[in-house]
Amino acid sequence: MRFRDIAVQEVANISKSIVRYTNTLTNNTYHVFDDEYELSLDTNLKTYGLPIDEETLMRTYQAVEAVYIAVTTISREGANVPLKVWKKNKTNVREECTDHPVNDLLDKPNGLLNRFELIERAIAFPLLAGDAYIAKDKTLGTTKTPVRRLMHLRPDLVSVTSSTGADDRVFKRVDGSATSTYQDEEIIHLKRFNPFTPFKGLP
């Protein structure tokens, strides 16, 4: 069998695995039609033939080995690329700025993540769900370093709405009985291009 035929067959197997897995979910909202690979949740995206609910995609990451390997490899390779802060000196020449406060913040975004893990998630989440949400915690911040921590929010727990029809967005995170609301300036929103809405990325 030629390599192309193997690749086509593998893609077909992944698609069927996604459909079978999605149909095992108890919530009928996520029902997928076997023949057409359609998801009833969002009619705008039926043409793409893939389940597009964030929770479904996050679960697929765990259930389908090929998806796990692809997303993990891409995100880890991306996180290995050096991320540096640059500034222009008096002669307008760009040079690395090693003493900028953001370097310390990136090295230790919070008590759980290091720089590598922060960037790894910033790449992986948009691949899986279309969006990555990084909350800026300014509690006990100073004038020099106003942002004390950077916290990744799980994209399947976050909803985005417009504030009074303006360009500013409101981010709401719901985890069980706990609800947190963030204003536009409190969130770093990394999203993939979505022709259907400016608020959510397309996975």
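Definitions and cut-offs
Counting of residues starts from 1 at the beginning of each chain's written sequence and follows it residue by residue. pLDDT decides what is reported in this predicted model: residues at 70 or higher carry local features, side-chain atom pairs at 80 or more are listed and counted, and totals for whole chains, interfaces and linings draw on all residues regardless. In computing side-chain values, all of the structure's heavy atoms are included and hydrogens and water are not. Throughout this description, the term salt bridge denotes a Lys or Arg side-chain nitrogen within 4 Å of a carboxyl oxygen of Asp or Glu. The helix and strand labels rest on DSSP assignments: H or I over at least four residues marks a helix, E over at least two residues marks a strand, and numbering proceeds from the N terminus. Each residue is placed in one exposure class: buried if its accessible area under a 1.4 Å probe, protein chains only, is under 20% of its type's maximum, exposed if it is over 50%, and partly exposed if it falls in between. One bridge is not enough; two strands pair if DSSP finds at least two bridges between them. Only the stretch in contact is used when fitting a helix axis, every axis being a line fitted to C-alpha atoms; angles between N-to-C directions are given from 0 to 180 degrees. Should any heavy atoms of two residues lie within 4.5 Å, those residues are counted as being in contact. In this scheme, a helix's expected span is set at 1.5 Å multiplied by one less than its residue total. Working definition: the arc comes from the directions between the helix axis and the C-beta atoms, pointing outward to the latter. Aromatic pairs are defined between Phe, Tyr and Trp rings, using the six-membered ring for Trp, whenever the two ring centres lie within 6.5 Å; interplanar angles under 30 degrees are classed as stacked, those over 60 as edge-to-face, and all others as tilted. Definition used: whenever NZ (Lys) or CZ (Arg) falls within 6 Å of the ring centre and also within 35 degrees of the ring normal, the charge is taken to sit over that ring.

(A) Spatial organisation of the pattern of salt bridges. By the definition in use, this model includes eight salt bridges. Residue Arg149 pairs with Asp137 through a salt bridge whose shortest N-O separation is 2.9 Å. A residue pair is termed long-range when its members are at least 10 positions apart, and Arg149 in strand E6 (residues 149-153) and Asp137 in strand E5 (residues 131-137) qualify at 12 residues. Judged by relative accessible area, Asp137 falls into the buried class, the value being 14%. Salt bridges linked by common partners bring Asp137, Arg148 and Arg149 together as one network.

(B) Region of the structure containing the sheet that holds E5. With antiparallel pairing, three strands are arranged side by side in an open sheet as E6-E5-E10. On the outer flanks of this sheet lie E6 and strand E10 (187-191), each paired with one strand and no other. With direction set aside, neighbouring strand axes in the sheet form an average angle of 20°. Looking at chain direction, E5 and E10 are connected through five bridges and run antiparallel. Residue Asp131 lies in a different strand from E10, and its bridge partner there is Lys191. Across the sheet, helix H5 (residues 115-129) is in contact with E5, E6 and E10; its angle to E5 comes to roughly 140°.

(C) Up close: helix H3 (residues 65-79). With 15 residues, H3 extends 21 Å between its outermost C-alpha atoms, agreeing within 8% with the 21 Å of an ideal straight helix rising 1.5 Å per residue. Among the residues of H3, those classed as buried are Val67, Val71, Thr72, Ser75 and Ala79. Buried residues of H3, viewed axially, fall in a sector of 115°; they line one side. Away from the buried face of H3 by more than 90 degrees, exposed residues Glu65 and Glu77 are located.

(D) Up close: the pairing of strand E8 (residues 169-175). Here strand E7 (residues 158-162) runs beside E8; their pairing, made up of five bridges, is antiparallel. Along E8, the bridge assignment pairs Val160 with Phe171. As judged from the six bridges shared by E8 and strand E9 (residues 178-183), these two strands associate in the antiparallel manner. Bridge pairing in E9 places Arg173 opposite Ser180.

(E) Focus on the packing of aromatic side chains. Summed over the entire model, instances satisfying the criterion amount to one aromatic pair. Measuring from centroid to centroid gives 5.7 Å for Tyr133 and Phe171, while their planes differ by 65°, and the two rings are edge-to-face. Here Phe171 lies in strand E8 and Tyr133 lies in strand E5, a separation of 38 residues in the sequence. Judged on exposure class, the residue Tyr133 and its partner Phe171 are both buried. The ring of Trp86 has Arg94 lying over it, and the distance from NZ or CZ to the ring centre is 4.2 Å.

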